[in-house]
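Spelled out from the first residue to the last, the chains are:
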Amino acid sequence: MKVFNLRCSRHHEFEGWFPSAEESERQLSNHLTHCPICDCSDLMRMPSAPRLNLATESATELVAPNAQAEWVKALRELIANTEDVGPRFAEEARRIHYRETPQRAIRGVASDRDRQELQEEGIEVIALPVPALAKEPLQ
Ligand SMILES: [Zn+2]
């Protein structure tokens, strides 16, 4: 799963989730993705790194049974490509936002309150439930 910051021709910024970078390019160039604010499909990808908050609840509500393997694979890739900052998530997300530290994708643990405070400061956080099995070795 890839998360990109997208911007429409009217300068609305939002996040788009895609199975892969190639798929995001295909969807954007074919105007299959729409701005959630004005519904226009003239979108461009922004260069900034996404910040991820990996929560620990079960993901069963989000995952169709036959999508489980794909989901776990995508999740592992995501985890491999983000830096785990654990309980320092809110602090690191702020430092990245205010450019006190190199721009990068991070993951960690945040409370609902942390998440709400970050959002009030304009820091976009994705709460991503991680199924327990994503932490187990591949069968
Ligand atoms: Zn828009």
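Look up: the structure comes first, before these words.
Since this is a predicted model, take the numbers as computed values, not measurements.

Despite not being glycine, His-31 has its phi angle at roughly 55°, a positive value. The residue His-31 is located in the loop between α1 (21-29) and β3 (43-46) in this model. Note on His-31: relative accessible area 39%, which makes it partly exposed. Although it is not a glycine, Asp-39 adopts a positive phi angle of roughly 70°. You can see Asp-39 is positioned in the loop between α1 and β3. With a relative accessible area of 52%, Asp-39 lands in the exposed category.

Let us now look at the coordination of the zinc ion. Summarising the metal site, the zinc ion is bound by the protein donors Cys-8 (SG), His-12 (ND1), Cys-35 (SG) and Cys-38 (SG), whose distances to it range over 2.1 to 2.4 Å. For the zinc ion, the 4 donor atoms in the first shell make angles of 100 to 115° at the metal, so the coordination geometry reads as tetrahedral. Sequence spacing of the donor residues for the zinc ion, all on one chain, is C-x3-H-x22-C-x2-C. Note that His-12 is positioned in the loop between β1 (2-8) and β2 (13-18) and Cys-35 in the loop between α1 and β3, a separation of 23 residues in sequence. On the basis of relative accessible area, His-12 is assigned to the partly exposed category, the value being 21%.

Attention now goes to the packing of helix α3 (residues 89-97) against helix α4 (residues 112-120). Look at α3 against α4: their axes get within 10 Å of each other, and the N-to-C directions meet at 10°. Considering their axes alone, α3 and α4 lie roughly parallel with respect to each other. Counted together, Phe-89, Ala-90, Ala-93 and Arg-94 of α3 and Asp-114, Glu-117 and Leu-118 of α4 form the full contact between these two elements. The class makeup of the residues in the contact of α3 with α4 is 4 nonpolar, no polar and 3 charged.

Attention now moves to the packing of aromatic side chains. In this structure the tally under the stated criterion is 1 aromatic pair. Between Phe-4 and Phe-18, the ring centres sit 6.2 Å apart and the planes meet at 40°, which makes this aromatic pair tilted. Residue Phe-4 is located in strand β1, and its partner Phe-18 is located in strand β2; the two are separated by 14 residues in the primary sequence. Of the two residues, Phe-4 and Phe-18, neither departs from the other in class, the shared state being buried. Cation over ring: Arg-45 sits above Phe-4, and NZ or CZ is 3.9 Å from the ring centre.

Time to look at the environment of Arg-104. Tracing the backbone through its elements, the reader meets Arg-104 in the loop between α3 and β6 (106-108). Sequence spacing of Arg-104 and Glu-83 is 21 residues, and the spatial spacing of their C-alpha atoms is 7.9 Å. Separated by 2.6 Å, the side chains of Arg-104 and Glu-83 make a polar contact. Within polar-contact distance, the side chain of Arg-104 engages the side chain of Glu-92 at 2.8 Å.

Here is what the cut-offs are and how they apply
Residues numbered from 1 in each chain as written. Predicted model: local features only at pLDDT ≥ 70, side-chain atom pairs only at ≥ 80, totals over all residues. Heavy atoms only, no water. Helix = DSSP H or I, 4+ residues; strand = E, 2+ residues; numbered from the N terminus. Buried < 20%, exposed > 50% of the residue type's maximum accessible area, 1.4 Å probe, protein only. Donors = N, O, S within 2.8 Å, 3.2 Å for Na, K, Ca; no water. Tetrahedral: all angles 85-135°; square planar, octahedral: opposite > 155°, others 65-115°. Axes fitted to C-alpha atoms, helices over the stretch in contact; angles between N-to-C directions. Parallel < 35°, antiparallel > 145°, perpendicular 65-115°, else oblique. Contact = heavy atoms within 4.5 Å. Nonpolar A, V, L, I, M, F, W, Y, C, P; charged D, E, K, R; others polar. Phe/Tyr/Trp six-rings, centres within 6.5 Å; stacked < 30°, edge-to-face > 60°. Lys NZ or Arg CZ within 6 Å of the ring centre and 35° of its normal. Polar contact = N/O pair within 3.5 Å; in protein donor to acceptor, adjacent residues only side chain to side chain.

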